[in-house]
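The residues making up each chain are set out below.
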Amino acid sequence: MALLTTCSLAQADQVGNVDVDWLGNDIVIEAFADPKVEGVTCHVAYFERGLIDRFQNGNWFEDPSNSSIACRQTSAITIGDIDRSDEGESVFSERRSIIWKSLSVKRIFDAENETLIYISHAREVKDGSAKMSISTVPLFQGP
């Protein structure tokens, strides 16, 4: 159901799939490397509705906005040319419905605290969503 969009955004690999009920609903876990920060890998988990659930409840083309993210240093970190504004920049996006909704991950650089912040959230054309998840990767290397 999820269609990956690519325009210099990271591409995800599915690394897990947890069956949650007999209706075919799953929690999907995907991994992606930050395309501009070498050494950081993020894992995103989201709910994907099964075929039986779609039959029972209608709304064929949409999955819930819920997601969770965890990002960690997986090798030596090398920061490329990243957006350092408080708006940050998109590093990953995946459609959660045909038109209205997508799952988005943005990276924000917190220079004062030497930390990369990753936030996953739903982007909706019509109504915004307060459903989000956040993860941080410290850059401080100490003495």
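Everything quoted here is computed from the prediction, not taken from an experiment.

*Asks:* Before we go on, may I ask you to explain the packing of aromatic side chains in this structure?
*Replies:* Aromatic ring pairs are reported here in terms of the distance separating the ring centres and the angle at which the planes meet. For the structure on display, the rule yields one aromatic pair. Ring centres of Phe32 and Phe92 lie 4.6 Å apart, and the angle between their planes is 5°; this geometry places the pair in the stacked category. Taken as a pair, Phe32 in strand β2 (residues 26–33) and Phe92 in strand β5 (residues 89–95) lie far apart in primary sequence, 60 residues in all. For Phe32, a relative accessible area of 2% gives the class buried. Phe92 gets classed as buried once you look at its relative accessible area, which sits at 0%. Sitting over the face of the ring of Phe109, Arg84 holds its NZ or CZ atom 4.6 Å from the ring centroid.

*Asks:* Any chance you could explain the state of the cysteines here in plain terms?
*Replies:* In protein chemistry, a disulfide is the covalent bond that joins the sulfur atoms of two cysteines. Taken as a whole and judged by the stated rule, the model has one disulfide. There is a disulfide in this structure between Cys42 and Cys71, and the S-S distance comes to 2.1 Å. Around the S-S axis, the bridge from Cys42 to Cys71 shows a dihedral of about 110° and counts as right-handed. Of the two residues, Cys42 sits in strand β3 (residues 37–48) while Cys71 sits in strand β4 (residues 67–79), which places them 29 residues apart along the sequence.

*Asks:* I keep staring at the sheet that holds strand β1 (residues 13–19) and nothing clicks. Help me out?
*Replies:* Sheet strands pair via backbone hydrogen bonds, and the direction of the pair is either parallel or antiparallel. Here four strands make up an open sheet; going across it, the order is β1-β2-β3-β4 and the pairing antiparallel. At either end of the open sheet lies a strand with only one pairing partner, and these are β1 and β4. This sheet shows a mean twist of 15° between the axes of neighbouring strands, independent of strand direction. Strand direction decides the pairing type here: β2 and β3, joined by eight bridges, are antiparallel. Bridging from a neighbouring strand, Ala31 pairs with His43 of β3.

So, how was this worked out
Here the residue numbers are simple positions, counted from 1 along each chain's written sequence. In keeping with the model being predicted, local features are shown solely for residues with a pLDDT of at least 70 and side-chain atom pairs are shown and tallied solely at 80 or more, while totals for entire chains, interfaces and linings include all residues. Only hydrogens and water are set aside; all other atoms, that is, all heavy atoms of the structure, feed into the side-chain values. Pairing of aromatic rings covers Phe, Tyr and the six-membered ring of Trp, with a centre-to-centre limit of 6.5 Å; geometry is then stacked below 30 degrees between planes, edge-to-face above 60, and tilted otherwise. Starting at the N terminus, helices and strands are each numbered in turn, a helix being any DSSP run of H or I of at least four residues and a strand any DSSP run of E of at least two. Whether a residue is buried, partly exposed or exposed follows from its accessible area with a 1.4 Å probe, protein chains only, as a fraction of its type maximum: under 20%, in between, or over 50%, in that order. For a Lys NZ or an Arg CZ to count as sitting over a ring, it must be within 6 Å of the ring centre and within 35 degrees of the ring normal. For the purposes of this analysis, a disulfide is any pair of cysteine sulfur atoms at a distance within 2.5 Å. For two strands to be treated as a pair, DSSP must find at least two bridges joining them. Note on definitions: angles span 0 to 180 degrees between N-to-C directions of axes, and those axes are lines fitted to C-alpha atoms, for helices only across the stretch in contact.

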